[in-house]
Amino acid sequence: MRPSHLHYLKLLLLVALGGVTTTHVPLQDVPSSLKALPLDGHFSFQDVSAAARDFGNLSSFPPVAVLHPGSVADIATTVRHVFLMGEHSTLTVAARGHGHSLYGQSQAAGGIVISMESLQSNRMRVHPGASPYVDASGGELWINVLHETLKYGLAPKSWTDYLHLTVGGTLSNAGVSGQTFRHGPQISNVNELEIVTGRGDIITCSPEQNSDLFHAALGGLGQFGIITRARIPLEPAPEMVRWIRVLYSDFTSFTADQEMLISAEKTFDYIEGFVIINRTGILNNWRSSFNPQDPVQASQFESDGKVLFCLEMTKNFNPNDADIMEQEVNTLLSKLTYIPPSLFHTDVTYIEFLDRVHSSEMKLRAKGMWEVPHPWLNIIIPRSRIHKFAREVFGKILKDSNNGPILLYPVNKSRWDNRTSAIIPDEEVFYLVAFLSSALGPHNIKHTLDLNNKIIEFSDKAGIGVKQYLPNYTREQEWQSHFGARWDTFQQRKKAYDPLTILAPGQRIFQKASASLPLPS
Ligand code: FAD
């Protein structure tokens, strides 16, 4: 489970060097054959620096070329071309969604990066009707899917917290948020996929047709094919959302309430939570857009530097039914054991709620704080170990949460389709825990990576049974341990759909026979 020492040392080395790791591929090595391919779109060979970055801002591996596909056929032609170059070619291909990976997963050192966003919008189609769905390009941003489906009063059911991610990118991981407890992750909410395999074949697949490829690609970390289209089921979209936050000082009460809510039949539409460490006067710093239920009590509340846990919930409603929503919310809140003066709420439109992280993005961008390094750690923890984990990590290993949010919320395993490639613990309820750190300066990157390492080391020693979400490993042994009993299936599927290990090299699971991951130069 431990992140590879090699990769960790590399990250520390780049910290010492004071920047991201970078290698350069001489332009004369560009296979001239690429230039001759008949395409609707085009290749860039000169301006490839954007494809050598990602949101993590910790790794930079320039590709030799970037494909801006004008059609799915362009993607198939390019992958088939690389496949036909045979096993002795070092060329690899990475689909790049919005480049929001953290440790170089969407990059291809010396390979070809396919800019999936070039395939957007012109391919999106909403199909209203008894079982509505949208067909969206793999490179489409979820925010665009939302805008388009709302024109029909419809929306997908399962989301991520942030919508400026691509359909193909989140479906290659899982796509989780506060709706996962009820609807499952995004990979449990797909009717059909169109995929370009590692041989360059274009295949339509679903639970009924080519089902092995369908399940392999969902949560498959881009290993089995490039998702060029996804068919996503839709539901009627609510107009408004009551958005509620309450605080707890006791982890047991916090998680008991979370677990009660995710298992209840009549419950909230979205349930998440986060951890607040060492922040005094927390309610006075509360988001100005939230209203306290009791302003007098709220103004007197002080956190005194205690670790606090915030439960965040929403209830969807249409303005005509606001009274019913109020009653339902009050009934649910009456069952919870939060600190009474800490009840805050606000009413926002559905789109404002779903696109909430983008508002923070705009503020951070204005301060130059968005494009800093993000040494994130995302993990999944079985319910039976969450208390042991919390006792050690919150307040002991982590002394504050000033580097960024720490999310913590439970989900129901029964909502996950166990035929997909996503790896989850073997317990009916498990927790998603996300340490979403921003790091300013080399010292801060090292400090945060050290803390991440301490959390993983503690978890390994204490037998917590942690699995990484958005996994970051470099050694086969670590991947084997990540996949456990499903490693053999994962390998067999790789042989079937990408036998020359061309695809998604930045995940560092398989290596092309003649290629190797560059070390910092
Ligand atoms: P990229 O980072 O570009 O690609 C990710 C991987 O998928 C790469 O290996 C790439 O090669 C592969 N890939 C990309 N497109 C395709 C495709 N069409 N077909 C096959 N493989 C492909 N995740 C959650 O689950 N829930 C969240 O709430 C959430 N919030 C986030 C908030 C922020 C601010 C950020 C930066 C990330 C968040 N994520 C969340 C993580 C997100 O799911 C990943 O970053 C994921 O990589 C998607 O990003 P992307 O679309 O830019 O894909």
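Cut-offs used in this document
- Residues numbered from 1 in each chain as written.
- Predicted model: local features only at pLDDT ≥ 70, side-chain atom pairs only at ≥ 80, totals over all residues.
- Heavy atoms only, no water.
- Buried < 20%, exposed > 50% of the residue type's maximum accessible area, 1.4 Å probe, protein only.
- Helix = DSSP H or I, 4+ residues; strand = E, 2+ residues; numbered from the N terminus.
- Pairing = 2+ DSSP bridges.
- Core = buried A, V, L, I, M, F, W, Y, C linked by side-chain atoms within 4.5 Å.
- Contact = heavy atoms within 4.5 Å.
- Near = heavy atom within 4 Å.
- Polar contact = N/O pair within 3.5 Å; in protein donor to acceptor, adjacent residues only side chain to side chain.
- Areas by Shrake-Rupley, 256 points an atom, 1.4 Å probe, with all protein chains shown as cover.
- Nonpolar A, V, L, I, M, F, W, Y, C, P; charged D, E, K, R; others polar.

To continue, consider the pairing of strand 8 (residues 133-137). In the case of a regular strand, side chains alternate between the two sheet surfaces. Burial runs high along strand 8: five of the five residues are buried. Judged from the three bridges that link them, strand 7 (residues 125-127) and strand 8 form a sheet pairing that is antiparallel. In the strand pairing of strand 8, His127 is matched with Tyr133. The turn linking strand 7 back onto strand 8 is made up of five residues, and Gly129 within it adopts a positive phi angle of 135°. As paired elements, strand 8 and strand 12 (residues 225-236) share five bridges and run antiparallel to each other. Looking across to strand 12, one finds that Ala136 is bridged to Ala230.

This part covers the nonpolar core. In terms of nonpolar packing, the biggest core is built from 82 residues, with Trp142, Trp159, Leu171, Leu193 and Trp416 touching the most fellow members. Excluding residues that lie within four positions of it along the chain, Leu171 makes contacts with Gln186, Ile187, Val190, Leu193, Ala217, Leu218, Gly219, Ile227, Ala230 and Ile232. Counting residues in hydrophobic clusters, the runner-up holds 47 residues, among them Met313, Leu336, Leu408 and Tyr431.

With that settled, consider the site of the ligand. Contacts to the ligand come from 33 residues, most closely from Ala95, Gly97, Asp161, Thr166 and Tyr469. The contact in question runs from a nitrogen atom of the ligand to an N or O atom on the backbone of Ile227, over 2.8 Å. Relative to its unbound accessible surface of 950 Å², the ligand loses 96% to contact with the protein. Within the residue set of the shell around the ligand, elements represented by two or more residues are strand 5 (93-96), helix 5 (167-171) and strand 12. Here the shell around the ligand is composed, by residue class, of twelve nonpolar, 19 polar and two charged.

To continue, consider the sheet that holds strand 19 (residues 406-412). The strand order across the open sheet formed by nine strands is 15-17-13-16-14-19-20-18-21, and the pairing between neighbours is antiparallel. Edge strands, defined here as strands with exactly one partner in the open sheet, are strand 15 (291-292) and strand 21 (467-468). The sheet contact formed by strand 13 (residues 240-248) and strand 16 (residues 308-317) spans nine bridges and is antiparallel. From the neighbouring strand, Arg242 faces strand 16, where its bridge partner is Lys315.

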